[in-house]
Amino acid sequence: MALTSWGQLPASPAAEERWWDERSAPLPEVGGTLLAYGNGRSYGDVCLNGGGTLLRGRGLWHFISFDPENGRLVCEAGVLLADILDVFVPRGWFLPVTPGTRFVTVGGAIANDVHGKNHHRAGTFGRHVRRFELLRSDGSRRVCSLTENAEWFAATIGGLGLTGLMTWAEIELRRIAGSGVAVENRRFTGIDEFFAINAEAEARHEYTVAWIDCLANTPRGILMAGDHAESGSLADVAKRPLSLPATPPISLVNGLTLRAFNFAYFHRPLPATAVVHYVPYFYPLDGILHWNRLYGRKGFYQYQCALPSGARDALGEILRGIAVSGQGSFLAVLKTFGEIPSPGLLSFPLPGMTLALDFSNSGSETLALFDRLDAIVGAAGGRLYPAKDARMSGRFFRGSNPRFDEFANFIDPKFSSDFWRRATA
Amino acid sequence: MQKILIVGAASAIAEAAARRWASGGNALFLVGRNAARLETIAGDVRVSGAASVGVFAMDANEVAAHPAMLQAAEKSLGGLDIALIAHGTLPDQKACERSVELTLREIGTNGLSVVALATLLGERFGKQGSGSVAVIGSVAGDRGRQSNYVYGAAKGMVGLFLQGLRNRLASKGVQVLTVKPGFVDTPMTAAFKKGALWAQPDDIAAGILRAIGKKRDVVYLPGFWRAIMTVIRHIPESVFKKMSL
Ligand SMILES: Cc1cc2nc3c(=O)[nH]c(=O)nc-3n(C[C@H](O)[C@H](O)[C@H](O)COP(=O)(O)OP(=O)(O)OC[C@H]3O[C@@H](n4cnc5c(N)ncnc54)[C@H](O)[C@@H]3O)c2cc1C
Ligand SMILES: NC(=O)c1ccc[n+]([C@@H]2O[C@H](COP(=O)([O-])OP(=O)(O)OC[C@H]3O[C@@H](n4cnc5c(N)ncnc54)[C@H](OP(=O)(O)O)[C@@H]3O)[C@@H](O)[C@H]2O)c1
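The rules behind these values
- Numbering of residues begins from 1 in every chain and follows the order in which that chain's sequence is written.
- Written order decides the labels, with chains lettered from A and ligands numbered from 1.
- Per-residue local features of the predicted model are confined to residues with pLDDT of at least 70, and side-chain atom pairs are confined, for both listing and counting, to 80 or more; whole-chain, interface and lining totals are unaffected and use all residues.
- Side-chain metrics in this entry use all non-hydrogen atoms of the structure; hydrogen atoms and water are not considered.
- By definition, residues are in contact when any of their heavy atoms lie within 4.5 Å.
- When two components associate, each loses some accessible surface as probed by a 1.4 Å sphere; the sum of these losses over both components is called the buried area.
- Whenever a carboxyl oxygen of Asp or Glu lies within 4 Å of a side-chain nitrogen of Lys or Arg, that contact is scored as a salt bridge.
- Polar contact criterion, stated in full: a pair of N or O atoms within 3.5 Å, where within protein one must be able to donate a hydrogen and the other to accept it, and residues adjacent in sequence count only if both atoms are side-chain atoms.
- Here a helix means four or more residues in a row that DSSP labels H or I, a strand means two or more in a row labelled E, and each is numbered from the N terminus.
- Residue classes follow a fixed rule: Ala, Val, Leu, Ile, Met, Phe, Trp, Tyr, Cys and Pro count as nonpolar, while Asp, Glu, Lys and Arg count as charged, and any other residue, Gly among them, counts as polar.
- Type-normalised accessible area, obtained with a 1.4 Å probe on protein chains alone, sets the label of each residue: buried when under 20%, exposed when over 50%, and partly exposed for intermediate values.
- Lines fitted to C-alpha atoms define the axes here, with helix axes fitted over just the stretch in contact, and angles between the N-to-C directions of these axes take values from 0 to 180 degrees.
- Note that the term roughly parallel is reserved for angles under 35 degrees, roughly antiparallel for angles over 145, roughly perpendicular for angles of 65 to 115, and oblique for everything else.
- Crossing handedness: left-handed means the near helix sits turned counterclockwise from the far one by under a right angle, and right-handed means the same turn made clockwise.
- Note on definitions. A residue lies near a molecule or strand when any single heavy atom of the residue is within 4 Å of it.
- Where accessible areas are quoted, they stem from the Shrake-Rupley method and a 1.4 Å probe; at the residue level, only the protein chains shown are allowed to cover.
- Note that the domain bounds reflect an automated or database-derived domain assignment.
- pLDDT measures how confident the predictor is about each residue, on a scale from 0 to 100.

A. Expanded view of the interface of chain B and chain A. Residue-level contacts link 23 residues of chain B with 22 residues of chain A. Buried surface at the junction of chain B and chain A, summed over both partners, amounts to about 1,700 Å²; 49% is from carbon and sulfur atoms. On the chain B side of the interface with chain A, the three residues burying the most area are Arg19, Arg37 and Val47 of chain B, jointly 33% of the side's total. At the junction of chain B and chain A, the tally comes to three salt bridges. One salt bridge connects arginine 56 of chain A with aspartate 185 of chain B, and the closest N-O pair in it is separated by 3.1 Å. There are nine residue pairs in polar contact (both at pLDDT 80 or more) connecting chain B and chain A. Of all elements in the fold, only helix 1 (12-23), helix 2 (35-48) and helix 7 (201-213) of chain B reach the threshold of two or more residues within the side of chain B that touches chain A. The dominant element in the side of chain B that touches chain A, judged by the number of residues it contributes, is helix 2 of chain B, at seven residues. Among the residues making up the side of chain B that touches chain A, the classes are represented as eight nonpolar, seven polar and eight charged.

B. Local environment of the environment of arginine 226 of chain B. Residue and element names in this part refer to chain B. Checked against the element boundaries, arginine 226 lands in helix 8 (residues 224-234). For arginine 226, a relative accessible area of 39% translates into the label partly exposed. Setting aside its immediate chain neighbours within four residues, arginine 226 contacts Arg216, Val218, Val219 and Tyr220.

C. Up close: the packing of helix 1 of chain B against helix 2 of chain B. Residue and element names in this part refer to chain B. Two elements in contact, helix 1 and helix 2, have axes whose closest approach is 8 Å; the angle formed by their N-to-C orientations is 30 degrees. On the basis of their axis angle, the class for helix 1 and helix 2 is roughly parallel. Here the hand of the crossing between helix 1 and helix 2 comes out right-handed. Of the residues in helix 2, those touching helix 1 at Glu15, Ala18, Arg19, Ala22 and Ser23 are Arg37, Ile41, Asp44, Val45 and Ser48. Its residues assigned to classes, the contact of helix 1 with helix 2 shows four nonpolar, two polar and four charged.

D. Layout of the site of ligand 1. Residues and elements named next belong to chain A. Surrounding ligand 1, one finds 33 residues, the nearest of these being Ala36, Arg41, Ser42, Thr105 and Tyr385. Interatomic distance of 2.7 Å between a side-chain N/O atom of serine 42 and an oxygen atom of ligand 1. The contact in question runs from an oxygen atom of ligand 1 to an N or O atom on the side chain of asparagine 112, over 2.8 Å. In the complex, 95% of the free accessible area of ligand 1, which totals 980 Å², lies under the protein chains. Within the residue set of the shell around ligand 1, elements represented by two or more residues are strand 2 (34-37), helix 2 (106-111) and strand 9 (165-172). The residue makeup of the shell around ligand 1, split by class, is 18 nonpolar, 13 polar and two charged. The residues that make up the shell around ligand 1 include at least three from each of domain 1 (59-176) and domain 2 (180-391).

E. Looking closely at the confidence of the model for chain B. Predicted confidence across chain B gives a mean pLDDT of 96, with 100% of residues reaching 70 or more. Across the predicted assembly, pTM comes out at 0.92 and ipTM at 0.86.

Written out as structure tokens, the structure reads:
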């Protein structure tokens, strides 16, 4: 079994996979192209390099130093966010920004400039990166920051692994008083109600995110706001994750299981407020390793778009399009993005909102739906998230990323990916 | 706080174990053959919370260096509670078949050097009347197969040797643990295709710490390998010899 991405879609394998575990070593001489592979938590093909070489950056998994005065952690780029949490939560520190899974590497988090439930307060992950070292195929090494090699810093944050290999990075952790999160849940019906209660929640809470049922006639959902507990224990009591051991031959996710799930999920008894451990709050899906196997051998897609603030109508149109199609799954997430800009040239978030949901791979039917959604997203001035994408056209990607040409100047001539070949086709 | 020596500390499995021990605030002494690599790992376990970290560069095949290494470890740690022996190589079986020299060298690295270290540590812990020696063997040591019997023979020797040592030290309160991992996704096995049976180094590390805590004798990691190896061990030799394994 070759290295795959999270969506498990059919892809041509890399010609070679190499462990990369020595940060002072030069990049290998290879005939074809190179790409760093983090932990394969991207859904599509940004972390794949069919016919080329994948460098398994997870081998660079060492912490280098930590300054308890200011929370600055220097670590190799293959360190997992989960490793950081395991070591630092008990000492009262937390990630400045975290995606919905903790099994991603620091290098992967920078290369996709990931966002979390606190985007409206903290911006993207890249805003909390102080420095990193970029190793290029010509043997050069650059320490990049906002002030040093600033243009390389900007190109590499959200740079999809194409500017070279990051060997180490310095990020700034934030203080927490307890490992719990105080959560407030509110049901909503209709998009207008979502925006109304969300605006209120964003003013008061550090974290907000909504689960949304796209199959209902009128979209409905649950807004989950949270803040780090102001007291309590720092002890880590997360359970060991279960694992779905094998891929069933067919998808276990279909229209029937979906409607039943969504109905039950919306109507489940829901405490208005509660304090929960940070793991189930931030990483509800990490409790089952390899849940992606649920979708069977054909794999699945995630569709994640960002829309500018004014584009509520477009959001409504997208949700209707999905409801009518009868496709789309229970993992639909709606979140607003704040105004804080990212330092990255190709960073995905823009001030407005983002919708993400999974789709079983039903072949051309699914792809046709995505094309319809793209048209709405494009007309509204939005874009799609490369970390989740396996199918957008090169034209769409270039058209929706105004700094594409500027970025292209910084690509390492030896580096490429399946995504990039598509994006430039 | 426990005082822990790790030989082969740069192994992926040992590194994961070191980080777990470090975040529990234990004292560590790391032995491997690449000094620069040991410094990298020492930095990692320091950040992870180790009470203290010492390093020592040594090739495990240099048996004459073992006593000095052990002395340095005890000095740095201020005693010794646990020793993990993790180093190893995965021989090129085909190349071994053509070279007696290579075969003996691989038996040396995976077998004799481990026997030498276990002898020293057994003596040391026996006198102390406490302590744990944990050694990473392999499921490959349970039965000889054409695809890797040089490695298997070395690991099998280690398994038998530890059985005897365990028998000798049981009455002295010393734990002798044989760890038998199945397939683990580490640099050692980078060339193999990975399937559902493959475990991550940290899973094995967690299992090792658990087994030491529970004073176990022999553990298969992950646990399902015990069942697989029971079946494999019970296939009659007349049948087994014809199988392509
Ligand atoms: C359940 C789940 C929930 C998620 N939730 C979110 C979310 O809330 N927000 C969000 O933003 N994302 C989310 N994601 C996506 C995920 O955070 C990103 O895809 C992330 O980048 C994956 O990191 P990785 O380490 O697995 O990298 P990979 O997927 O292996 O690689 C990602 C990119 O990073 C590059 N890269 C990796 N290491 C290096 C390096 N050392 N140097 C240079 N480039 C490198 C690769 O070349 C590739 O382009 C989620 C994913 C899953 C599976
Ligand atoms: N991976 C598996 O599938 C698997 C399965 C069963 C058992 N095991 C066993 O698990 C243990 C750890 O291996 P791993 O999988 O973690 O592989 P690994 O990461 O390749 O580690 C092996 C380590 O052994 C060291 N080493 C080799 N020869 C040495 C010598 N002569 N002196 C000192 N150190 C030496 C290597 O040092 P350098 O870094 O200097 O090369 C390397 O750090 C080994 O005993 C292995 O046999 C592994």
